[in-house]
Amino acid sequence: MSSLITPTIDLDRDGMQTGYLRLPHSVHRSAYGFIPIPIASLKNGDGPRVLLMGGTHGDEYEGQVILSSLIRTLPLDQVTGQIIILPMANFPAAEAGLRTSPFDDGNLNRAFPGVARGTPTEQIAYYIEHVLLPGTDYLFDLHSGGSSLIYEPTLLISLKEDDPHRAIKRDIMGKFGLPNILLTDRDEYGGYSSAAALRQGVCSATTELAGGGSVTKGLPEAAGEGLLRVLHHIGAVKAAIPPAPVTPRIFAEENHLFASEPGLWEPLADPGEDIKAGQPAALIHRPETPGCPPVELLFEADGMILAKRQGARVLRGDCLYHIGQQEISG
């Protein structure tokens, strides 16, 4: 079954084009309306085809800022091949400033491979995986911590032994210039954009760029420069970018620490800190019960804190920390 989404631009035509993906959406206030998902295409002759996405989660703003800037500032004559940009991939979520879509509560980065005639989020996922990704060489999906987490800037990349893109992925790891790299083990059966890329034979990488429901000073410029460095390395952009200024720390495993009780959580460590097993991690206070002592949580293994939860109020099961473990040499 084919997608109902139609672009207002010609993705096969050379040149710089901006427009929308029109997703038909009939609701009470607009019987024959559509959801306008912003898109840009920079196509200049033969070369790799690259898909850049931001706003996969609507409350993650750094990627939206980086890609909006790239649309404005990247000269067409510097492009070799085609760069397709979705700065607000899950537009309803991004417009609302929410992680998930207000139309269907859909989490786009769990919705792949999508459904051709499904909910709005399922339709967006289907279009990306079955229309945009086929024939694409590279996917870079720019995430950050959103409203509930703040990250030490981190590159997430799968590096399996049988991956045909293993060599180029190792090159990409050192080009982004982010201080941390987490090697993920996601496979082609999941609902992530990285799984969609695996299914379609596309080389992909994902970022986590700060977050906290805001944009960190200087980070869009630094991460945007890293993205351009990668685009130059893969032959999509002509101009060379100076070498990455940092040697990243690489982690082969990940873990999470979750709230065991509802209450107000007090962090005892911050992103970027090295931690040890048994070290105090957090206190969960329960002021609704006068005189009740806080619950102390301990870290379960050695590692480094990649991300910490934002906001004091937690429920049982909320993620408090994302932890990188088993550090390896580059």
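Attention in this report is confined to the structure presented alongside it. (Residues numbered from 1 in each chain as written. Predicted model: local features only at pLDDT ≥ 70, side-chain atom pairs only at ≥ 80, totals over all residues. Heavy atoms only, no water.)

**Some points on the overall build of the chain**
Here is step 1: Helices and strands together make up the secondary structure of the chain, namely six helices and 18 strands.
Here is step 2: Expected size for 330 residues packed as a compact globule is a radius of gyration near 20 Å; at 20 Å, the chain falls within 12% of this value.
Here is step 3: With respect to the principal axes defined by its C-alpha atoms, the chain has extents near 65 × 55 × 35 Å.
Here is step 4: For the chain, the proportion of its 330 residues judged to be buried stands at 50%.
Here is step 5: Here the contacts in the chain between residues at least 6 apart in sequence split such that 70% fall between residues at least 24 apart.
Here is step 6: Here the chain displays about 14,300 Å² of accessible surface, and carbon together with sulfur accounts for 52% of that area.
Here is step 7: Counting 26 positive and 39 negative side-chain charges, the chain places the centres of these two groups 4 Å from one another. (Helix = DSSP H or I, 4+ residues; strand = E, 2+ residues; numbered from the N terminus. Rg over C-alpha atoms; globule rule 2.2 N^0.38 Å. Buried < 20%, exposed > 50% of the residue type's maximum accessible area, 1.4 Å probe, protein only. Contact = heavy atoms within 4.5 Å. Areas by Shrake-Rupley, 256 points an atom, 1.4 Å probe, with all protein chains shown as cover. Lys, Arg positive; Asp, Glu negative; His and termini not counted. Charge placed at Lys NZ, Arg CZ, Asp CG, Glu CD.)

**Side note on the packing of aromatic side chains**
Aromatic ring pairs: the centre-centre distance and the angle between the two ring planes describe each pair.
Here is step 1: Taken as a whole and judged by the stated rule, the model has four aromatic pairs.
Here is step 2: A centroid spacing of 5.4 Å and a plane angle of 80° characterise the contact between Trp-265 and Tyr-321, whose relative ring orientation is edge-to-face. On the criterion of sequence distance, the pair formed by Trp-265 in strand 12 (residues 263–267) and Tyr-321 in strand 18 (residues 319–328) is long-range, its members being 56 residues apart.
Here is step 3: On the basis of relative accessible area, Tyr-321 is assigned to the buried category, the value being 0%.
Here is step 4: One aromatic cluster in this structure is built from Tyr-138, Phe-140 and Phe-176. (Phe/Tyr/Trp six-rings, centres within 6.5 Å; stacked < 30°, edge-to-face > 60°.)

**Brief notes about the packing of helix 4 (residues 166–175) against helix 6 (residues 219–233)**
Here is step 1: The contact between helix 4 and helix 6 brings their axes to 9 Å, and the two run at 150°. Helix-helix and strand crossings are classified by hand; for helix 4 and helix 6 the assignment is right-handed. Residue-level inspection shows Ile-168, Asp-171, Ile-172 and Lys-175 of helix 4 in contact with helix 6, the latter providing Gly-226, Arg-229, Val-230 and His-233.
Here is step 2: In the contact of helix 4 with helix 6, the residues fall into three nonpolar, two polar and three charged. (Axes fitted to C-alpha atoms, helices over the stretch in contact; angles between N-to-C directions. Left-handed = near helix turned anticlockwise from the far one by under 90°. Nonpolar A, V, L, I, M, F, W, Y, C, P; charged D, E, K, R; others polar.)

**Observations regarding empty space enclosed by the protein**
To find the voids left in a structure, one rolls a probe of water-molecule size over its atoms.
Here is step 1: Counting across every chain of the model gives two cavities of 30 Å³ or more.
Here is step 2: In this structure, the largest cavity occupies an estimated 80 Å³ of space.
Here is step 3: In terms of lining, the largest cavity is formed by Leu-156, Ile-157, Ser-158, Lys-169, Thr-184, Arg-186, Ser-194, Leu-198, Ser-204, Ala-205 and Thr-206.
Here is step 4: Elements supplying a minimum of two residues to the lining of the largest cavity: strand 8 (154–158), helix 5 (193–199) and strand 10 (203–208).
Here is step 5: Considering only residue class, the lining of the largest cavity consists of four nonpolar, five polar and two charged.
Here is step 6: Counted as a void, the second largest cavity has a volume near 40 Å³.
Here is step 7: Asn-255, His-256, Leu-257, Phe-299, Glu-300, Ala-301, Ile-323 and Gln-325 together form the lining of the second largest cavity.
Here is step 8: Breaking the lining of the second largest cavity down by element, the ones donating at least two residues are strand 11 (249–258) and strand 18. (1 Å grid on protein atoms, 1.4 Å probe; cavity = no way out; pocket = protein on both sides within 12 Å on 5 of 7 lines; lining within 4 Å. Points joined across faces, edges and corners; volume = space filled by probe spheres on them.)

**Topic: the layout of surface pockets**
Here is step 1: Computed from the structure, the largest pocket encloses a volume of approximately 410 Å³.
Here is step 2: As for the largest pocket, its lining consists of 24 residues, and the residues nearest its centre are Arg-99, Arg-110, Leu-149, Tyr-151 and Glu-208.
Here is step 3: Listed by contribution, the elements that provide at least two residues to the lining of the largest pocket are strand 7 (149–151), helix 5, strand 10, strand 11 and strand 18.
Here is step 4: Its residues placed into classes, the lining of the largest pocket shows six nonpolar, eleven polar and seven charged.
Here is step 5: Its boundaries defined by the atoms lining it, the second largest pocket holds a volume of some 230 Å³.
Here is step 6: As for the second largest pocket, its lining consists of 13 residues, of which Ser-69, Pro-220, Glu-221, Gly-224 and Glu-225 are closest to the centre.
Here is step 7: Elements represented by at least two residues in the lining of the second largest pocket include exactly helix 1 (62–73) and helix 6.
Here is step 8: The biggest single contributor to the lining of the second largest pocket is helix 6, with six residues.
Here is step 9: Counted by class, the lining of the second largest pocket contains eight nonpolar, three polar and two charged residues.

**Considering the nonpolar core**
The tendency in soluble globular proteins is for nonpolar side chains to be buried as a group.
Here is step 1: Counting 38 residues, the largest nonpolar core has Val-50, Leu-52, Ile-83, Ile-85, Phe-140, Leu-227 and Leu-231 as the members making the most contacts within it.
Here is step 2: Looking at which element gives the most residues to this core, the answer is helix 6, with five residues.
Here is step 3: Other than its neighbours up to four places away in sequence, Phe-140 contacts Val-50, Leu-51, Leu-52, Met-53, Ile-172, Phe-176, Ala-205, Leu-227, Val-230, Leu-231 and Ile-234.
Here is step 4: Counting residues in hydrophobic clusters, the runner-up holds 27 residues, among them Ile-5, Ala-125, Tyr-127 and Ile-128. (Core = buried A, V, L, I, M, F, W, Y, C linked by side-chain atoms within 4.5 Å.)

**Some remarks on the side chain of Asn-107**
Here is step 1: Note on placement: Asn-107 falls in the loop between helix 2 (91–96) and helix 3 (120–132).
Here is step 2: Sequence-distant contacts of Asn-107, that is, excluding residues within four places in its chain, are made with His-57, Arg-99, Thr-100 and Thr-121.

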